[in-house]
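Listed below are the residues making up each chain.
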Amino acid sequence: METLLSIAHWNKLTFGSSLKEQRDKVKEEFEEFTEAYSIEELADVIIAIIGLARFGGKWKLLFYSVLSLGKERFTPESIYNAVQLKMEINRARKWEGQHHI
């Protein structure tokens, strides 16, 4: 079972990216979510925000805002399950920079 800490730890080990790179990743994932408005893309945004959170700052507002957008269409349980599944997929992938190959 994934937690906020396990996702943040995976993010740091996998990407080790800078604050700017992680912000850019959140922006990219959010744009994909707004185009597709799918639960899979919502999971990507949530995972990217958790990665951003390891840098500190006011990420909680962003996190809760994205969750609020998702709750308009998806249940909290389905969002949780989507994040769990997406992390299972992410952990099995090979990564180059911020993208899987």
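Everything numeric in this text was worked out from a predicted model, so none of it was measured. (Residues numbered from 1 in each chain as written. Predicted model: local features only at pLDDT ≥ 70, side-chain atom pairs only at ≥ 80, totals over all residues. Heavy atoms only, no water.)

### Here's the deal with the environment of Glu32
To keep things clear, this is the line we draw: Counting from the N terminus, the helices are DSSP H or I runs at least four residues long and the strands are E runs at least two residues long. Burial classes follow relative accessibility: with a 1.4 Å probe on protein chains only, a residue under 20% of its type's maximum area counts as buried, one over 50% as exposed, and anything between as partly exposed. Whether two residues touch is decided by their heavy atoms; if any such pair falls within 4.5 Å, the residues are in contact.
Along the chain, Glu32 turns up in helix H2 (residues 19-36). For Glu32, a relative accessible area of 29% corresponds to the partly exposed category. Separated by 67 residues in the primary sequence, Glu32 and His99 have C-alpha atoms spaced 14 Å apart. Once residues within four sequence positions are removed from consideration, Glu32 is found in contact with Tyr37 and Glu41.

### Remarks on the nonpolar core
Formally: The term nonpolar core refers to a set of buried residues drawn from Ala, Val, Leu, Ile, Met, Phe, Trp, Tyr and Cys, joined through side-chain atoms within 4.5 Å.
Among the nonpolar cores identified, the biggest contains 26 residues, and Leu42, Ile46, Ile49, Phe63 and Ile79 are the most heavily contacted of them. Sorting the residues of this core by element identifies helix H1 (4-15), H2, helix H3 (39-53), helix H4 (59-71) and helix H5 (76-92) as the ones contributing at least two each. Top element by residues in this core is H3. It accounts for eleven residues. The residues contacting Leu42, other than those within four sequence positions of it, are Phe33, Val66, Gly70, Phe74 and Ile79.

### Regarding the confidence of the model for the chain
Put simply, the rule reads: As a per-residue measure, pLDDT reflects the predictor's confidence and takes values from 0 up to 100.
In the predicted model, the chain carries a mean pLDDT of 90, and the fraction of residues at 70 or more is 100%. Mean pLDDT in the chain bottoms out at strand E2 (residues 99-100), which sits at 76, and peaks at H5, which reaches 96.

### A short note on the packing of H2 against H3
The cut-off we apply is this: Throughout, an axis means a line fitted to C-alpha atoms (over the contacting stretch in the case of helices), and angles, computed between N-to-C directions, take values from 0 to 180 degrees. Oblique is the label for any angle not covered by the other classes, which are roughly parallel (under 35 degrees), roughly antiparallel (over 145) and roughly perpendicular (65 to 115). Each crossing is labelled by how the near helix is turned from the far one, with a counterclockwise turn of less than a right angle marking it left-handed and a clockwise turn marking it right-handed. Side-chain classes follow a simple rule in which Ala, Val, Leu, Ile, Met, Phe, Trp, Tyr, Cys and Pro form the nonpolar group, Asp, Glu, Lys and Arg form the charged group, and the remainder, Gly included, forms the polar group.
Two elements in contact, H2 and H3, have axes whose closest approach is 8 Å; the angle formed by their N-to-C orientations is 165 degrees. As the angle between them shows, H2 and H3 are arranged roughly antiparallel. The hand of the H2/H3 crossing is left-handed. For the pair H2 and H3, contact is made by Leu19, Gln22, Arg23, Lys25, Val26, Glu29, Phe30, Glu32, Phe33 and Ala36 and by Glu41, Leu42, Asp44, Val45, Ala48, Ile49, Gly51 and Leu52, respectively. Residue composition of the contact of H2 with H3, by class: ten nonpolar, two polar and six charged.

### Remarks on the side chain of Glu29
Locating Glu29 in the fold gives a position in helix H2. When neighbours within four sequence positions are excluded, Glu29 is seen to be in contact with Glu41, Asp44, Val45 and Ala48.

### Digging into H1
The condition is simple: Multiplying 1.5 Å by the helix residue count minus one yields the expected span of that helix.
With twelve residues, H1 should cover 16 Å at 1.5 Å per step; its first-to-last C-alpha distance of 16 Å lies within 8% of that length. One or two steps after H1, the chain reaches Gly16, where phi turns positive at roughly 50 degrees.

### With respect to the side chain of Gln84
What counts is decided by this rule: Polar contacts, as counted here, are pairs of nitrogen or oxygen atoms within 3.5 Å of one another; within protein the pair requires one atom able to donate a hydrogen and one able to accept it, and residues that are adjacent in sequence qualify only if both atoms are side-chain atoms.
With respect to the helices, strands and loops of the structure, Gln84 is situated in helix H5. On the basis of relative accessible area, Gln84 is assigned to the buried category, the value being 18%. A distance of 2.8 Å separates a polar atom in the side chain of Gln84 from the backbone nitrogen of Glu2. Contact partners of Gln84, with chain neighbours within four places excluded, come to Met1 and Glu2.

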